[in-house]
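The chain contents come next:
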Amino acid sequence: MRSVHLTPLHDAFREEVSAFFDQHLRPFAEVWEMERCIPRSAWRKFGEHGLLGLAHGPAHGGSARDIFHSVVFLEELGRTGYAGVRAGISLHAYMATHYLARHASDELRRAYLAPSIRGDRIAALAITERDAGSDLSRLATTAMRDGGDYIVDGGKVFITNGANADYYVVAVRTATPVPQARRANTGISLLIVDSRLPGVQITRQEKLGWHAAATAELHFDKVRVPADRLIGRENSGFMYLMRGFQLERLVAAALAVGGAEHCLDTTLAHVTSRQAFDGKLSNLQAIRHRLADMTTELAGARAFTYHAAWCYAQDELSVTECSMAKLLTTELACRIADNCLQLQGARGYLADSDIARMHRDARAGTMAGGATEVMRDIIAQQLIDLGPSRASPRQAESSAKT
Ligand SMILES: Cc1cc2nc3c(=O)[nH]c(=O)nc-3n(C[C@H](O)[C@H](O)[C@H](O)COP(=O)(O)OP(=O)(O)OC[C@H]3O[C@@H](n4cnc5c(N)ncnc54)[C@H](O)[C@@H]3O)c2cc1C
């Protein structure tokens, strides 16, 4: 799609990324799905090609490209049709490492960010808990100071890359949990926890889709973590997360756009080749109109995602636009996957078909990275409670949602 936001440089980059995926992702993704993880060799390939550091600065090996290089990369990643792969890569490159790049000390950046950009170390972001999903104020994993260490106790669930990460960026409570404070968003910090530390227990979680995402439940039993693994300031984690969530939503939107486009591409190929009645399925008006509707809606969602990306580049606290983009695109991706499965008929319903996988995968998009209802809450709060003047991030997202 043409866009005022995309230059010939972005177009050339799209070609480059697509060629990389043709060579290093598409031929292997089915095996990664079966093995439930992206192998280390693939992470390194992404790193060698500079694809894990597009958003990061050159001091640690990134290329600090503009936001639309990332949008193009994420769309193309979505267009591969493997949401488990796209989740693993994007969680690492745009979410877990984002907090290191923005808030960590130089020492931590050298030790964790630089090898992550090279693809030598795999990162995960661990926020969600069994009893703390959309409502971050219920977060109960603690990190209490003991001399030069923190002692981490608690657990996390649904952690993408959890089973094969080298380290986790973990949201913990560092303030003493008194009853009132437990319900508030204060006292949250971000801590790097190495996955091989004594007391870290990792249990794989088997899901409906996103198979290559290496999802795991983590249990921390008196894990001793050096205090210098704290990211930024103690008890400032909530503010860091609120900023990070906007990027997470934008990333989810660009991936969803790419994923939906892939559904449409494969469906178009199917209906234009499938013989039925006196011609092809694509001659039937009901099918033509359905495709036209989906393509139009997707073009609108893509244009809005570009707008949200532009807003984010101006102001990282573009809460409304990023929430709208996530809501719009992930819901649309579900509808498109569902319609496309219908258009591909029974063969699309076979468990190992491309569209069946995309249908399963699309479903997670409206939950992961903030449920659709939470996005509506945030948008409505801005619209109804706070009025047209820009809300502060704390107002717009008073109970942060992951
Ligand atoms: C595939 C996948 C990968 C994930 N990866 C990660 C990860 O890497 N790291 C991480 O920390 N977390 C991860 N998550 C967790 C994700 O962020 C949570 O699923 C999300 O925050 C919602 O929390 P929950 O699932 O506990 O749902 P709950 O908070 O229990 O909510 C259940 C449902 O209730 C509804 N709901 C919730 N709040 C409201 C509201 N205010 N108004 C109306 N309805 C509401 C929504 O429909 C929601 O889906 C992942 C989840 C999935 C599915």
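Refer to the structure printed above.
Residues numbered from 1 in each chain as written. Predicted model: local features only at pLDDT ≥ 70, side-chain atom pairs only at ≥ 80, totals over all residues. Heavy atoms only, no water.

Asks: Explain the side chain of T330 here, please?
Replies: Relative to the elements of secondary structure, T330 occurs in helix α10 (residues 319–343). Given a relative accessible area of 3%, T330 falls into the buried group. For T330, the contacting residues outside a window of four places in its chain are A252, A256, G365, T366 and T372. (Helix = DSSP H or I, 4+ residues; strand = E, 2+ residues; numbered from the N terminus. Buried < 20%, exposed > 50% of the residue type's maximum accessible area, 1.4 Å probe, protein only. Contact = heavy atoms within 4.5 Å.)

Asks: So what exactly am I meant to see when it comes to the pattern of salt bridges here?
Replies: Pairing between side chains of opposite charge can happen when the charged atoms of each approach one another. Within this structure, the stated rule accounts for 27 salt bridges. Residues R14 and E75 are paired through a salt bridge, measuring 2.9 Å at the closest nitrogen-oxygen approach. A residue pair is termed long-range when its members are at least 10 positions apart, and R14 in helix α1 (residues 8–24) and E75 in helix α4 (residues 67–79) qualify at 61 residues. With a relative accessible area of 19%, R14 lands in the buried category. Judged by its relative accessible area of 1%, E75 falls in the buried class. In this structure, D106 engages R109 in a salt bridge whose closest nitrogen and oxygen atoms are separated by 3.6 Å. In this pair, D106 and R109 are both assigned in helix α6 (residues 106–118), three residues apart and thus about one turn of the helix distant. Given a relative accessible area of 44%, D106 falls into the partly exposed group. Through salt bridges with shared partners, one network takes in R14, E75, E76, R79, E261, D265 and R302. (Salt bridge = Lys/Arg side-chain N within 4 Å of Asp/Glu carboxyl O.)

Asks: Just to check I follow, could you spell out α10 for this structure?
Replies: Quick reminder: α-helices carry 3.6 residues per turn. Residues three or four places apart thus point the same way. Here α10 contains 25 residues, and its C-alpha end-to-end distance of 36 Å stays within 8% of the 36 Å for a straight helix at 1.5 Å per residue. In terms of burial, α10 is a largely internal element, 18 of the 25 residues being buried. G345 occupies a position one or two residues after α10 and carries a positive phi of about 65°. (Expected span 1.5 Å × (residues − 1).)

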